[in-house]
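Given next are the chains, with one letter for each unit.
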Amino acid sequence: MAKRRANGEGSIYHRKDGRWEASAFVPVINGGRKRIRFVAKSREQVAAKLQEALRQARRNIPRSDRHFTVGDWLDLWLREIMPQRVRSSTLNNYRDIIELHLKPRLGRKKLETLSVLTVQSAIDQMMRDGIGTRTIGKSRQVLSSALTHAMRRELVFRNVAMAVEVPSYRRAPIQPWTAGQAKHFLESSRKARLHAAYVLLLVYGMREGEVLGLRWRDIDFDNGEIHVRQQVHHRNRQFEASEVKTESGRRVLPMIDVVRTVLTDYAAVREVEIPEFVPGSPPHSTDDTVVQTQSGTPVEASNLRRSWYRDIERAGLPAIKIHHARHTAATLLASMGVPERETQLILGHSNIATTQQIYTHANLHIRRAALERIGDLIGTQKPDIEVLGSGYRQNYPQDRATPQEAEVVKDAKDPRITGVRSEIKPGSTDRDRTCDLRLMSLTKDTFDCVATPVITSLHSATRRQFLAAVAVKKTHIFDEPAVSDRIAHHGQILADISRHRQAEKLKHLSFPYNLITHQEELL
């Protein structure tokens, strides 16, 4: 008679259609229990699935009480989770990536059975379709974020997107304007309607939304300060004022004379009555902005870009994006020697690495001047290393020195490269190609000042011998002077022998100390 299964072990039985089915009750997320079923062609397959489900149940890992597809979860993630965490512009970018790239390739897959192989196949297909590496990277990022939230809700137990390989992304090279080009553009666009916006972009490196959201009440003309406190974007056919991009983006910029002149002239031409500065954190608003249309509304970002490119073409300069004006400001600040920390505060970056690695670009003139200074420093000196084929050989005096130089070196016993005297290199010859043996060797003189217990004891014994000799001599117990001399002589010999033995022992145990000692001797 077959033994009856215990509660919780599940059941496996043969179906009428020839397949095998397994079932068991397992805990679900809402706190209850649910019967799950597995169907496969063989008993071994359903048994393996059943054992995995029971193993998770024993580990108190609940199963989802609802079966999501990847597309269903992405829609829920985008609709209920992310609106409280990101700005509307970021949410729109996520929506475009999900609708155009993720749902067509992964939308019908079951969320709980999504595997690394499935996601990797979708990524590879995007590469074959010619989709850019930047878009592929963003797609993996969005999917990974959605799966992370699913894992926190115990819908899945790992984020398979984190194990997927995506092609590396290389930023397109950015060539910011030079100081002369920026000056020429501002001079040629002096009469342009959006000239004030151009000045703020190139002088302070402000973001596009920050320039469009700057209000007259944010400018303190009395103290000469510009307070960046909001940004303005146009979405869904209306203007929205919101907080700046990061906490560091909320900053105070000193108003220099040229900016003060541009702003006051700009207000006079448009007959704007400048209101008083409002300290603190006034509520965000789209009225009273500095950059406005003729009808008094904020300027759309697309119109600002259109005017930007048109005025660049009139000035005859190479076209750059508006955001690259921010790169230009960072590079100009770096070329003038402004500390990187101050540049970070001016641009409003939360991390100084962003300022250093992304926004500050190399200046060929600065590099050329630096290398020329090195050339001036070493150009007049005779090289100590000569090139022989693909390797190097140290230029020793015994091989290529002039007769006068060889005579000087011979008298001094001091090679030009190592600086180690020949009398302290036992085990090596004068024609050694390397200085390893010379650096590894030591003499007993090196350890005269080493306060080891043995040497300290020898010093004490020697002092006692001298004091005894002096005492004997003073008390005239021995009238012969040779007695005290012999005592002192024997004590010195004993000290020398013991010190030499200790030095030899330390010499073989202290190779790094040898290097330090010789470096100090050379200095």
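Conventions used here
Residues numbered from 1 in each chain as written. Predicted model: local features only at pLDDT ≥ 70, side-chain atom pairs only at ≥ 80, totals over all residues. Heavy atoms only, no water. Axes fitted to C-alpha atoms, helices over the stretch in contact; angles between N-to-C directions. Helix = DSSP H or I, 4+ residues; strand = E, 2+ residues; numbered from the N terminus. Parallel < 35°, antiparallel > 145°, perpendicular 65-115°, else oblique. Contact = heavy atoms within 4.5 Å. Nonpolar A, V, L, I, M, F, W, Y, C, P; charged D, E, K, R; others polar. 1 Å grid on protein atoms, 1.4 Å probe; cavity = no way out; pocket = protein on both sides within 12 Å on 5 of 7 lines; lining within 4 Å. Points joined across faces, edges and corners; volume = space filled by probe spheres on them.

A.B. asks: I'd like to hear about the packing of helix H12 (residues 340–347) against helix H13 (residues 352–359), residue by residue, with values.
C.D. replies: Running from N to C, H12 and H13 point in directions that differ by 95 degrees, and their axes come no closer than 9 Å. Between H12 and H13, the angle falls in the class roughly perpendicular. For the pair H12 and H13, the contacting residues are Glu-340, Arg-341, Thr-343, Gln-344 and Leu-347 in the first and Ile-352, Thr-355 and Gln-356 in the second. A per-class count over the contact of H12 with H13 returns two nonpolar, four polar and two charged.

A.B. asks: Hey, could you go over unusual backbone geometry for me, with residue numbers and the actual values?
C.D. replies: The phi dihedral of Glu-271 falls on the positive side, at around 55 degrees, and the residue is not glycine. Among the structural elements, Glu-271 can be located in the loop between helix H9 (257–269) and helix H10 (301–315). The phi dihedral of Asp-288 falls on the positive side, at around 65 degrees, and the residue is not glycine. Turning to its location among the elements, Asp-288 is positioned in the loop between H9 and H10.

A.B. asks: Please provide a residue-by-residue account of the packing of helix H7 (residues 195–204) against helix H11 (residues 322–335), values included.
C.D. replies: Two elements in contact, H7 and H11, have axes separated by 6 Å at closest approach and are oriented at 40 degrees. Taken together, the axes of H7 and H11 lie oblique to each other. Here H7 contributes Leu-201, Leu-202, Val-203 and Tyr-204 to the contact with H11, which in turn contributes Ile-322, Ala-325, Arg-326, Thr-328 and Ala-329.

A.B. asks: Describe the layout of surface pockets, with residues and values.
C.D. replies: Over the atoms rolls a probe the size of a water molecule, and its path tells where empty space is left. There is about 1900 Å³ of room inside the largest pocket. Lining the largest pocket are 45 residues; nearest its centre among them are Asn-93, Arg-134, Lys-138, Lys-245 and His-323. Those elements giving two or more residues to the lining of the largest pocket turn out to be helix H3 (88–106), helix H5 (133–152), helix H8 (208–213), strand E6 (231–235), H10, H11 and H13. Of all the elements, H3 adds the most residues to the lining of the largest pocket, at six residues. In terms of residue class, the lining of the largest pocket is built from 14 nonpolar, 18 polar and 13 charged.

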